[in-house]
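# Examining the three-dimensional arrangement
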Amino acid sequence: MTESAVILDKGKDKPIRNRHHWIFSGAVRSLPEFENGSILPVRSAEGDFLGWAYFNRACSILGRMLNFDERPPLEALRDNIERAVERRAAFFDASTTAYRLVNGEGDGIPGLIADLYGDILVVQVSTLGMDRLKPFVTDILAKATRARSIYERSHLPSRREEGLPMAEGLLSGDAVGPVEIMEYGLRFRVDVVHSQKTGLYLDQRENRKLAKSLAAGRRVLNAFAYTGGFSVFALAGGAASVDSVDVSAPSIGLAGENCALNGFTGEAVRFHVADVFDFIRDRPLDYDLVILDPPAFAKRKGEVVPACRGYKDIHRIVFQKVPRSCLVLTFSCSFFVDETLFRQVLFQAAREAGRAVSILQRHHQAYDHPVNIYHPETEYLKGFLLFVD
Ligand code: SAH
């Protein structure tokens, strides 16, 4: 049935043979008649069968591979989802009740994110192809997990290119409200309906645990604090004080609740609704541990230069103002600013601040956000633990 398949151009089959999920429009020789969002077989110019992908003509990433073998694609999708869910069971004990169950291409499942918060599963669907499979996928997730409710938070700008409206609401189970979860035994209230992302930045869990191990006796600044994840961990690790700064008032409100929920209150636990750039410029920075976890400054390739300027400015000011022997735990979650570039930015900032800065450790996204070795775009979070002397 070669005539109903998508045929790639000569030589353009290599990434697909190497299990990369994306088919760019420039790689395609011919397309059959199809409705956007349909699943079609994919063949090389020589006619070799390569697998199945869903397609959308409106997107520069024309197709996304669901599987690279002869299995019916929905069977492969079911298997991949069940495997992704099973795999997580080995990583987490009862002290952690929130984690990512499905990490898009990282789990070989393009267009689908599923995060578990206690007994509530929050899904994000980024493509038309996956949107059409939503009832099928919801059913698999409901059976593979013990989630009481499955709630959709598909509020992603990328859906516009796909021709999809933003979508939020209950997919199955009971109505959802704020939920309490645990991360390494610490308690967090999560508002899955009104939050950023799906509720928490789960990719930083292991780095929050690291902050706990670094915090004893230290005065801590948690910049870009969101709902206080790093603050709670630092306080649990015995921080002398923690200042949490975020521009979002509701997030800082929840940060306060989360600290209190774990028994951390009093004048050493301080909260600031402020722009981090203003905060670090306007105040002395008498801290022994500074955590910098900004949002992705570069969301597109074209934004890399201004993003690097932003990253450099923050670090220059911090490096200039902190006392000797200060630890700086800093992150970039912009895919387009890779580890090498981020390190160059830190180099420039250190140079301009005139401080001795060394790298003690390198850090990445948590292991429930696996990086697919065949699909490097799944790696985005990088961090450094720095020593400023
Ligand atoms: N470290 C957090 C996640 C941070 S997400 C955690 O572990 O949960 C990035 C946060 O930066 C968001 O909460 C966003 O509201 C905040 N933010 C974005 N721009 C900001 C700015 N200029 N100043 C202060 N906060 C900002």
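Residues numbered from 1 in each chain as written. Predicted model: local features only at pLDDT ≥ 70, side-chain atom pairs only at ≥ 80, totals over all residues. Heavy atoms only, no water.

The strand order across the open sheet built from six strands is β2-β6-β5-β4-β1-β3, with neighbouring strands paired in mixed fashion. Looking at the sheet topology across the chains shown, the edges are occupied by β2 (22-24) and β3 (28-30). For this sheet the average axis-to-axis angle between neighbouring strands, irrespective of direction, equals 40 degrees. Where strand β1 (residues 6-8) meets β3, two bridges bridge the pair, whose relative direction is antiparallel. Bridge pairing in β3 links I7 to S30. Set on the sheet, helix α2 (residues 73-89) makes contact with β4 (39-43), β5 (49-55) and β6 (61-67); between it and β6 the angle comes to about 70 degrees. (Pairing = 2+ DSSP bridges. Helix = DSSP H or I, 4+ residues; strand = E, 2+ residues; numbered from the N terminus. Axes fitted to C-alpha atoms, helices over the stretch in contact; angles between N-to-C directions. Contact = heavy atoms within 4.5 Å.)

Quick look at the side chain of N262 now. Here N262 lies in the loop between α8 (249-261) and β16 (269-273). Among the residues examined, N262 registers a relative accessible area of 17% and is labelled buried. Within polar-contact distance, the side chain of N262 engages the backbone oxygen of N258 at 2.7 Å. Sequence-distant contacts of N262, that is, excluding residues within four places in its chain, are made with L186, R187 and V232. (Buried < 20%, exposed > 50% of the residue type's maximum accessible area, 1.4 Å probe, protein only. Polar contact = N/O pair within 3.5 Å; in protein donor to acceptor, adjacent residues only side chain to side chain.)

It is worth spelling out the pattern of salt bridges at this point. If you walk through the whole model with that rule in mind, you get 33 salt bridges. A salt bridge links E86 to R83; its shortest N-O distance comes to 3.3 Å. Separated by three residues within a single helix, E86 and R83 lie in helix α2, roughly one turn from each other. Here R83 falls in the partly exposed class, since its relative accessible area comes to 44%. Linking K134 and E152 is a salt bridge whose minimum nitrogen-to-oxygen distance equals 2.9 Å. Of the two residues, K134 is situated in helix α4 (residues 134-144) and E152 in strand β10 (residues 149-154); the sequence distance between them amounts to 18 residues. K134 gets classed as buried once you look at its relative accessible area, which sits at 16%. Given the relative accessible area of 3%, E152 is considered buried. Where salt bridges share partners, they join D131, K134, E152 and R159 into one cluster. (Salt bridge = Lys/Arg side-chain N within 4 Å of Asp/Glu carboxyl O.)

Using the criterion set out here, one finds 16 aromatic pairs in the structure. Centroid distance Y201 to Y226: 4.9 Å. Interplanar angle 90 degrees. Geometry classified as edge-to-face. Here Y201, found in the loop between β13 (186-190) and α6 (205-214), pairs with Y226, found in the loop between β14 (219-223) and α7 (229-236); they are 25 residues apart in sequence, far enough to count as distant. Over the ring of F34 we find R57; its NZ or CZ atom is 4.0 Å from the centre of that ring. A cation sits over an aromatic face here: K209 above Y184, 4.5 Å from the ring centre. (Phe/Tyr/Trp six-rings, centres within 6.5 Å; stacked < 30°, edge-to-face > 60°. Lys NZ or Arg CZ within 6 Å of the ring centre and 35° of its normal.)

Alternating residues of β13 divide into L186, F188 and V190, all buried, and R187 and R189, none buried. The pairing of strand β12 (residues 179-183) with β13 spans five bridges and is antiparallel. Opposite M182, over in β13, you have R187 as the bridge partner. Connecting β12 to the next strand, β13, in antiparallel fashion are two residues, including Y184 with a positive phi near 45 degrees.

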